[in-house]
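Observations on the model geometry
Listed below are the residues making up each chain.
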Amino acid sequence: MLEMKVPSPGESITEVEIAEWLVEDGDYVEKDQAIAEVDSDKATLELPAEASGIITLKAEEGDAVAVGAVVCLIDTDAKAPEGGEAPEAVEKKATKKEEAPAKQEKTEAPAAKTYASGTPSPAAKKILDEKNIAASAVAGTGRDGRITKNDAENATPSMGTPGIGDRGSYRTKLSMLRRKVAERLVEAKNTTAMLTTFNEVDMGPIFELRKQYKDTFREKHGVGLGFMSFFTLAVVRALEMYPAVNSMIDGKEMLTFDYKDVSIAVSGPKGLMVPVIRNAENLSFRGVESEVKRLALRARDGKITVDEMTGGTFTISNGGVFGSMLSTPIINPPQSGILGMHNIVERPIVKDGAIVIAPIMFVALSYDHRIIDGKESVGFLVAVKEALESPEELLMGGDVKKALEL
């Protein structure tokens, strides 16, 4: 009998949560078959069977299990049955099905009683329905407490009176990943002197470049020419100019990084995930777009690893994909800065003394004021704005085709 224990998903992780069993108690499993999905505070991982045999589960879905604890037993002496399922499991499922009680037919809830012993007249009922007022909220003055037309006309909804619609509610347990994200967000608000500065970017020059080269770029490299490569490289340039933004507090010291590991906030099936683009300063437009695509797909498929989300010296969050016009992004601790992207809207702006329509994006930089001064934060965001509004000159060295490797 093999005891399967919870492996360590990564450094500093002491427990995981059984998110879902992919097999049932008594099933025959093959070696390396995924038998469960487990949540850590950083990622969701699959738990593969360490051997072939009949499995006995030792934990329930939703249980928090310590790293190294036994979660299941595998009888390695059992032979694989025809059809891949143990007779015991088949028998157990059949018995369970037979013993399952028949579903009780739903019964309609009794009609709500009126305040008095009577009911509204047809004319009064029509008026109450139009006002969306329950008859039980109206005192009838007619015979035997009957609600008259006059009662209905004078009735007004009470602030504490429920309407006639559905007022149900339900509870769901937060995943370990979601609980950890919540803890980190509160930690960031409570332990940093967080401020946010804003600016706007004319995205017209990037629109023109993408319109002209996006098809050729995709044909050559197999990935799209999106906005993330422009923003990532603009951030790398600004971090070079303002290294304090690429720093973090470590005790009584400020730790500044020579490299630029840019975290990108993406929405995954288990919640917000922040994979890291390593050494973004060494990547081209093609390199950034390829890495963004790879990490986004892994996050979407739930295959992202702890190592791929660990570290990072600065974060970019794109709320614009969900339609956000403006926000104050929260710092991803222990980092000291995060750039918020937003949606692009055609707005009237002034160029050379004339009012023109241009695609404008509002951008926001939240920063830790303990180590980043206002001058540096504003200068950093202006540097990002300048690079995005003059990408050919400041991000491509004056040679677009060379920068895009076309």
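Everything below is about the structure shown above.
Here's what I pulled together on the structure shown here. (Residues numbered from 1 in each chain as written. Predicted model: local features only at pLDDT ≥ 70, side-chain atom pairs only at ≥ 80, totals over all residues. Heavy atoms only, no water.)

Taken together, the side chains of Phe-198, Met-325 and Leu-326 make up a nonpolar region of the molecular surface, amounting to roughly 280 Å² of accessible area. In this structure, Met-325 sits in the loop between β15 (314–318) and β16 (337–341). (Patch = residues over 30% accessible without salt bridge, like charges linked within 9 Å, V, L, I, M, F, W, Y side chains within 5 Å. Areas by Shrake-Rupley, 256 points an atom, 1.4 Å probe, with all protein chains shown as cover. Salt bridge = Lys/Arg side-chain N within 4 Å of Asp/Glu carboxyl O. Helix = DSSP H or I, 4+ residues; strand = E, 2+ residues; numbered from the N terminus.)

Right, let's talk about the sheet that holds strand β2 (residues 15–21) for a bit. The sheet built from four strands is open, its strands ordered β5-β4-β2-β7 with antiparallel pairing. Among the strands making up the open sheet, the edge pair consists of β5 (44–48) and β7 (64–66). Adjacent strand axes in the sheet meet at a mean angle of 40 degrees when their direction is disregarded. One ladder, built from three bridges, connects β2 with β7; its direction is antiparallel. The residue bridging Glu-15 from the neighbouring strand is Ala-66, located in β7. (Pairing = 2+ DSSP bridges. Axes fitted to C-alpha atoms, helices over the stretch in contact; angles between N-to-C directions.)

The next point concerns the packing of aromatic side chains. One pair of aromatic rings is described through two measures. These are the centre distance and the angle between the planes. Going through the model one piece at a time under the given rule, you end up with four aromatic pairs. Aromatic side chains Phe-230 and Phe-285 sit 5.0 Å apart centroid to centroid with 65 degrees between the ring planes, which places their arrangement in the edge-to-face category. Taken together, the residues span a long stretch of sequence, with Phe-230 in helix α6 (residues 227–241) and Phe-285 in helix α7 (residues 285–300) at a distance of 55 residues. Sitting over the ring of Phe-227, Arg-210 keeps its end group 4.6 Å from the ring centre. (Phe/Tyr/Trp six-rings, centres within 6.5 Å; stacked < 30°, edge-to-face > 60°. Lys NZ or Arg CZ within 6 Å of the ring centre and 35° of its normal.)

In this section: the packing of α6 against α7. Look at α6 against α7: their axes get within 9 Å of each other, and the N-to-C directions meet at 115 degrees. Two packed elements cross with a definite hand, and for α6 against α7 that hand is right-handed. Touching Phe-227, Met-228, Ser-229, Phe-230, Thr-232 and Leu-233 of α6 are Phe-285, Val-288, Glu-289 and Val-292, all from α7. Tallied by class, the residues present in the contact of α6 with α7 amount to seven nonpolar, two polar and one charged. (Left-handed = near helix turned anticlockwise from the far one by under 90°. Contact = heavy atoms within 4.5 Å. Nonpolar A, V, L, I, M, F, W, Y, C, P; charged D, E, K, R; others polar.)

Looking now at the pattern of salt bridges. In this structure the tally under the stated criterion is ten salt bridges. Residue Lys-125 is joined to Asp-129 by a salt bridge in which the shortest nitrogen-to-oxygen separation is 3.1 Å. Taken together, the positions of Lys-125 and Asp-129, both in helix α2 (residues 122–131) and four residues apart, correspond to about one turn of that helix. Residue Asp-129 is classed as partly exposed on the basis of its relative accessible area, which comes to 44%. Here Asp-368 ties to Arg-370 by a salt bridge, and the two come within 2.7 Å at their closest N and O atoms. (Buried < 20%, exposed > 50% of the residue type's maximum accessible area, 1.4 Å probe, protein only.)

What follows covers the pairing of strand β18 (residues 354–368). With nine bridges connecting them, strand β9 (residues 194–202) and β18 associate as antiparallel partners. The residue bridging Thr-196 from the neighbouring strand is Ser-366, located in β18. Relative to β18, β16 runs antiparallel, the two being bridged by four bridges. Note that in β18 the partner of Leu-339 across the bridge is Leu-365.

With that out of the way, let us pick up the side chain of His-342. Locating His-342 in the fold gives a position in the loop between β16 and β17 (344–351). A polar side-chain atom of His-342 sits 2.8 Å from a polar atom in the side chain of Ser-327. Setting aside residues no more than four positions away along its own chain, His-342 makes contact with Gly-320, Ser-324, Met-325, Leu-326, Ser-327, Met-361, Phe-362, Val-363 and Ala-364. (Polar contact = N/O pair within 3.5 Å; in protein donor to acceptor, adjacent residues only side chain to side chain.)

By size, the foremost hydrophobic cluster in this structure holds 54 residues, and its most contacted members are Phe-230, Phe-285, Phe-314 and Phe-380. The dominant element in this core, judged by the number of residues it contributes, is α6, at nine residues. If you look at the next biggest cluster of nonpolar residues, it comprises 18 residues, including Val-6, Val-23, Val-29 and Leu-47. (Core = buried A, V, L, I, M, F, W, Y, C linked by side-chain atoms within 4.5 Å.)

Now for the sheet that holds strand β3 (residues 28–29). Here four strands make up an open sheet; going across it, the order is β1-β8-β6-β3 and the pairing antiparallel. Unpaired on one side and paired on the other, β1 (2–5) and β3 mark the two borders of the sheet. Both strand β6 (residues 53–57) and strand β8 (residues 70–75) contribute to a ladder of four bridges, which runs antiparallel. Residue Ile-54 lies in a different strand from β8, and its bridge partner there is Asp-75.

Here the focus is α6. Taking 1.5 Å per residue as the helical rise, α6 with its 15 residues ought to reach 21 Å, and the 21 Å between its terminal C-alpha atoms agrees with that figure. Counting buried residues along α6, eleven of its 15 residues qualify, which places the element largely inside the surrounding structure. By the burial criterion, the buried members of α6 are Met-228, Ser-229, Phe-230, Phe-231, Thr-232, Leu-233, Ala-234, Val-235, Val-236, Ala-238 and Leu-239. (Expected span 1.5 Å × (residues − 1).)

Relative to the helices and strands, Asp-202 is located in strand β9. Reaching out from Asp-202, the side chain makes a polar contact with the backbone nitrogen of Gly-204 at a distance of 2.9 Å.

All right, on to a negative patch on the surface then. On the surface, Glu-20, Glu-60, Glu-61 and Asp-63 cluster together to form a negatively charged patch. With respect to the element layout, Glu-20 can be found in strand β2. Judged by its relative accessible area of 37%, Glu-20 falls in the partly exposed class. (Lys, Arg positive; Asp, Glu negative; His and termini not counted. Charge placed at Lys NZ, Arg CZ, Asp CG, Glu CD.)

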